[in-house]
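Observations on the model geometry
Each chain, written out:
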Amino acid sequence: MEINSELIEKTLAQAGIHGPSSNELHLYEDRLTRFFTREYQRYTDNPVSLHELGISTDAGPIMEDTESLMDRHYDEDLNFFKSFLDTAYHAYSMAYYGDTPFSIRKSNTTLEEAQKAKFDLIAERAQIEGNERVFNIGCGFGSLETYLLERYPNLEIVGITPSKVQVAYLKQRMKDTHDPLGSGRFTLIEGAFDQLPLNTLGEKPYNLVISVAVFEQVRNMSAILRRIAGLLTSKGKTFHHFITSRNVIPQFLDPTRTRIGTYFPGGRVWPHDEFARHTEHFDLVGHWFVNGLNYWRTLDEWHQRFWDKIPFLYDNAFDTGDIAHWNNYFSLCKAVFAPLDGNFYGNSHYLFRARN
Ligand SMILES: C[S@@+](CC[C@H](N)C(=O)[O-])C[C@H]1O[C@@H](n2cnc3c(N)ncnc32)[C@H](O)[C@@H]1O
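Below you will find a few notes about this structure.

Cut-offs applied
- Residues numbered from 1 in each chain as written.
- Predicted model: local features only at pLDDT ≥ 70, side-chain atom pairs only at ≥ 80, totals over all residues.
- Heavy atoms only, no water.
- 1 Å grid on protein atoms, 1.4 Å probe; cavity = no way out; pocket = protein on both sides within 12 Å on 5 of 7 lines; lining within 4 Å.
- Points joined across faces, edges and corners; volume = space filled by probe spheres on them.
- Helix = DSSP H or I, 4+ residues; strand = E, 2+ residues; numbered from the N terminus.
- Salt bridge = Lys/Arg side-chain N within 4 Å of Asp/Glu carboxyl O.
- Phe/Tyr/Trp six-rings, centres within 6.5 Å; stacked < 30°, edge-to-face > 60°.
- Buried < 20%, exposed > 50% of the residue type's maximum accessible area, 1.4 Å probe, protein only.
- Lys NZ or Arg CZ within 6 Å of the ring centre and 35° of its normal.

Here we come to empty space enclosed by the protein. Evaluation of the coordinates by the stated rule reveals one cavity of 30 Å³ or more. Put simply, the largest cavity is a space of about 750 Å³. Tyr74, Ala213, Val214, Glu216 and Phe264 are the residues nearest the centre of the largest cavity, which is lined by 50 residues in total.

Right, here's the structure in full:
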């Protein structure tokens, strides 16, 4: 039976669920954005430190609640992720449209091009030469792997993820010898990076340990960097890309207190400077703040693609409750990145070099 998209939209509207182009959702997202703007302004005018809040990044488990995170987020039906991610890389992380609010808003690049631009920027900042052995923490659907293996014929990469949905997807692609993931230069490890014994993470040391959009899950920065140091060659490097805020926002450091925490159990948003001070095992080569409007635009594009695929999602086991759940997710995430022209809440990049 053909599903009538107009009828679906009408039914959803009657249930109070509106799409990203509707006036109703614009008003709702504007209200949410104003709320977060006030919060960010509050912590800009009256900053608080992690120390004052009694929060340490040197203690406790490396990551928390990975099982709930998989259950509530990453092991959602594959069709959901397919409905909105870019078709070139299936990257589940911010795409890069530019470095200023003006250039991001004016950019006319597609999501696919903007994802490639993100990986170009990461490859440049991580100083990738092309013959490295790379370990990628939280490989998702193999987006970074696809980019690196296509671009560098001598590079090898190992990716790890605890997500059953991602593992099944990646294993399927690894069977295809025309796919970069089937080139024999990609190895997949199933499991959680913080849990598996170090000696199961690869036989030879790595030149680069990297992560994209994973360290929002890290609670103990010292411990994860110690683990990473144990995987690297003596001149090895480590590069990380994750969401940060300019100043501390106390509620974003307790995932049990926010609606975002219901989508990302165990997730936290750290202030930009915090990770950079962790030089116990490494020298800091550089760190950068990436304007949050890049994520706002990425999410807006994802939201639109998701909404356009609703008939397909209904065909693939989604019900009205699922649509409402994920529709709210996109609105909420857009509203946290939009305030203050993306200058307060965005992504950070960090490059460290092993200290001999
Ligand atoms: C937002 S996705 C990013 C995926 C990918 N890096 C990208 O940019 O497309 C986060 C990834 O981290 C993985 N992840 C979460 N907790 C993890 C853990 N404890 N160990 C390894 N990977 C983890 C998730 O399964 C998912 O693949």
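Following the structure, the description resumes.
Turning our eyes to something else, we now look at unusual backbone geometry. Residue Ala213 is not a glycine yet carries a positive backbone phi of 65 degrees. Looking at the element boundaries, Ala213 is found in the loop between β4 (206-212) and α10 (221-229). Located in the positive-phi region is Ala317, a residue other than glycine, with phi close to 80 degrees. Mapped onto the secondary structure, Ala317 falls in the loop between α14 (310-315) and α15 (320-337).

Right, let's get into the pattern of salt bridges. A full pass over the atoms with the stated rule returns 16 salt bridges. The salt bridge involving Glu301 is made with Arg305; its shortest N-O contact spans 2.9 Å. With Glu301 and Arg305 both in helix α13 (residues 293-308) and four residues apart, the pair spans about one turn of that helix. Through salt bridges with shared partners, a single ionic network connects Glu29, Asp300 and Lys334.

What the rule picks out here adds up to 42 aromatic pairs. Note on Phe84 and Tyr92: the rings are 5.9 Å apart at their centroids and 65 degrees apart in plane angle, and the pair reads as edge-to-face. Each member of the pair, Phe84 as well as Tyr92, carries the same accessibility label: buried. Pairing Phe141 with Tyr169 gives two aromatic rings, centres 5.2 Å apart and planes at 85 degrees, and the pair type is edge-to-face. With Phe141 in the loop between β1 (133-137) and α8 (143-151) and Tyr169 in helix α9 (residues 164-174), the pair connects residues that are 28 residues apart, well separated along the chain. Using a relative accessible area of 12% as the deciding quantity, one classes Tyr169 as buried. Over the aromatic face of Phe193 sits the side chain of Arg227, whose NZ or CZ is 5.7 Å from the ring centroid. Across from the ring centre of Tyr97, 4.3 Å away, lies the NZ or CZ of Arg297, which sits over that ring.

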